[in-house]
Amino acid sequence: MTRSSVIAVANQKGGVGKTTTAINLGACLGELGLGVLLVDLDPQANVTASLGFDKRSGKPSIYEALLADVDLDGILIDTGRPGLWLAPSSIRLAGAELELMEMGSREHQLRRLLKGTAKTFDLVIIDCPPSLGMLTVNALTTAEGIVVPIQCEYLALEGLAQLANTIGMIVETLNSSLRIIGIVPTMYDARTNLSPQVVDQVRQHFPSLLFRTKIPRSIRLSEAPSYGQTIVEYDARSAGAVAYRQLAKELADRLKLQVG
Ligand code: ATP
Ligand code: MG
């Protein structure tokens, strides 16, 4: 695969909106005419399940591609949405953290896989698990940049220092071009005092990194996965769909991707 942008959606804090952001950014960028590959690098396989695919199907997944010599083209699924492809996860990926530790060039397995595909994508989006283990290290070794979702709640910024440390370590050793592309506030609720406060804090500490778009807290966003749908399929006019469309355009701008 040549000349794709590769981004990781990462934050070691759990439940902050990484998967929701990866899926809906992918769907919205696909709508804009880009070829997008979503890589589900989380043993929870939430991207895979949320798009309506079975994480227990037994079909080859990113686990077999990382650890059992299956090439990426052997696992890719056309999701049936415009421009959107999936490298699915499976429950077997839970064993990968330990198995990767025992491998040579263990940090580079994902990068190797992406190089080996015959397909061309404009953008690869990797959904990371809520940890800074070997799977996330593989994602950060491969990506040119990170999108960091921050949930608008108390202590939201606490984990950022730890993430920044990890990024610093990766930049020094494995991937000198890694950077944070942007920080996106999620589950924003304008009726509370806390949401605007969290956004202000992020703005103070990382003025150039904060995306203009805030993702609102929205029941529709949390319902869509149970129907195996993206937000643009489930409720194209909802506030969540509008926000993710806007975020997709902002991201495309920052990555200098040409969209229709
Ligand atoms: P994990 O760390 O477990 O992988 P995550 O960071 O990927 O979690 P999500 O799975 O995207 O987070 O979101 C956590 C929960 O919050 C899910 O139930 C999701 O549907 C819900 N959720 C995500 N974003 C929003 C939102 N903007 N409004 C309301 N609910 C949301
Ligand atoms: Mg997730």
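Residues numbered from 1 in each chain as written. Chains lettered and ligands numbered in written order. Predicted model: local features only at pLDDT ≥ 70, side-chain atom pairs only at ≥ 80, totals over all residues. Heavy atoms only, no water.

Peer 1: Would you mind going over the side chain of Asp 42 with me for this structure?
Peer 2: Tracing the sequence through the fold places Asp 42 in the loop between strand S2 (36-40) and helix H2 (46-50). The buried charged residue Asp 42 lacks any salt bridge, with Lys 18 as its nearest oppositely charged partner at 6.7 Å. The residues contacting Asp 42, other than those within four sequence positions of it, are Ser 89, Leu 93, Asp 127, Cys 128, Pro 129 and Pro 130. (Helix = DSSP H or I, 4+ residues; strand = E, 2+ residues; numbered from the N terminus. Buried < 20%, exposed > 50% of the residue type's maximum accessible area, 1.4 Å probe, protein only. Lys, Arg positive; Asp, Glu negative; His and termini not counted. Salt bridge = Lys/Arg side-chain N within 4 Å of Asp/Glu carboxyl O. Contact = heavy atoms within 4.5 Å.)

Peer 1: Before we go on, may I ask you to explain the site of ligand 1 in this structure?
Peer 2: The environment of ligand 1 is formed by 18 residues, the closest being Lys 18, Thr 19, Thr 20, Pro 216 and Ser 218. Between Gln 44 and ligand 1, the recorded distance is 3.2 Å, taken from a side-chain N or O atom to an oxygen atom. Alone, ligand 1 offers 620 Å² of accessible surface; in the complex the protein occludes 80% of this. Secondary structure elements with two or more residues in the shell around ligand 1: helix H1 (18-31) and helix H9 (219-223). Here the shell around ligand 1 gets three residues from one element, more than from any other, and that element is H1. (Near = heavy atom within 4 Å. Polar contact = N/O pair within 3.5 Å; in protein donor to acceptor, adjacent residues only side chain to side chain. Areas by Shrake-Rupley, 256 points an atom, 1.4 Å probe, with all protein chains shown as cover.)

Peer 1: Explanation requested: the packing of H1 against helix H11 (residues 239-255) in the structure shown.
Peer 2: If you want to describe how two helices pack, look at the angle between their axes and the distance between the axes. Look at H1 against H11: their axes get within 9 Å of each other, and the N-to-C directions meet at 75°. On the basis of the axis angle, H1 is roughly perpendicular to H11. Seen from H1, the contacting residues are Thr 20, Thr 21, Asn 24, Leu 25, Cys 28, Leu 29 and Glu 31; seen from H11, they are Tyr 244, Arg 245, Leu 247, Ala 248, Leu 251 and Ala 252. Residues that form the contact of H1 with H11 fall into these classes: eight nonpolar, three polar and two charged. (Axes fitted to C-alpha atoms, helices over the stretch in contact; angles between N-to-C directions. Parallel < 35°, antiparallel > 145°, perpendicular 65-115°, else oblique. Nonpolar A, V, L, I, M, F, W, Y, C, P; charged D, E, K, R; others polar.)

Peer 1: Looking at this model, I keep getting lost on the pattern of salt bridges. Mind explaining?
Peer 2: Charged atoms that come close allow side chains of opposite charge to pair. Overall, the coordinates contain ten salt bridges when judged by the stated rule. Measuring nitrogen to oxygen at the nearest pair gives 2.6 Å for the salt bridge that ties Arg 92 to Glu 64. Note that Arg 92 is positioned in the loop between strand S4 (84-87) and helix H4 (96-101) and Glu 64 in helix H3 (residues 62-67), a separation of 28 residues in sequence. For Glu 64, a relative accessible area of 14% puts it in the buried group. Of the charged contacts, one joins Arg 191 and Asp 189 as a salt bridge, the two residues approaching to 3.0 Å between their closest N and O atoms. For Asp 189, a relative accessible area of 15% gives the class buried. Salt bridges sharing common partners tie together Arg 220, Glu 223 and Asp 235.

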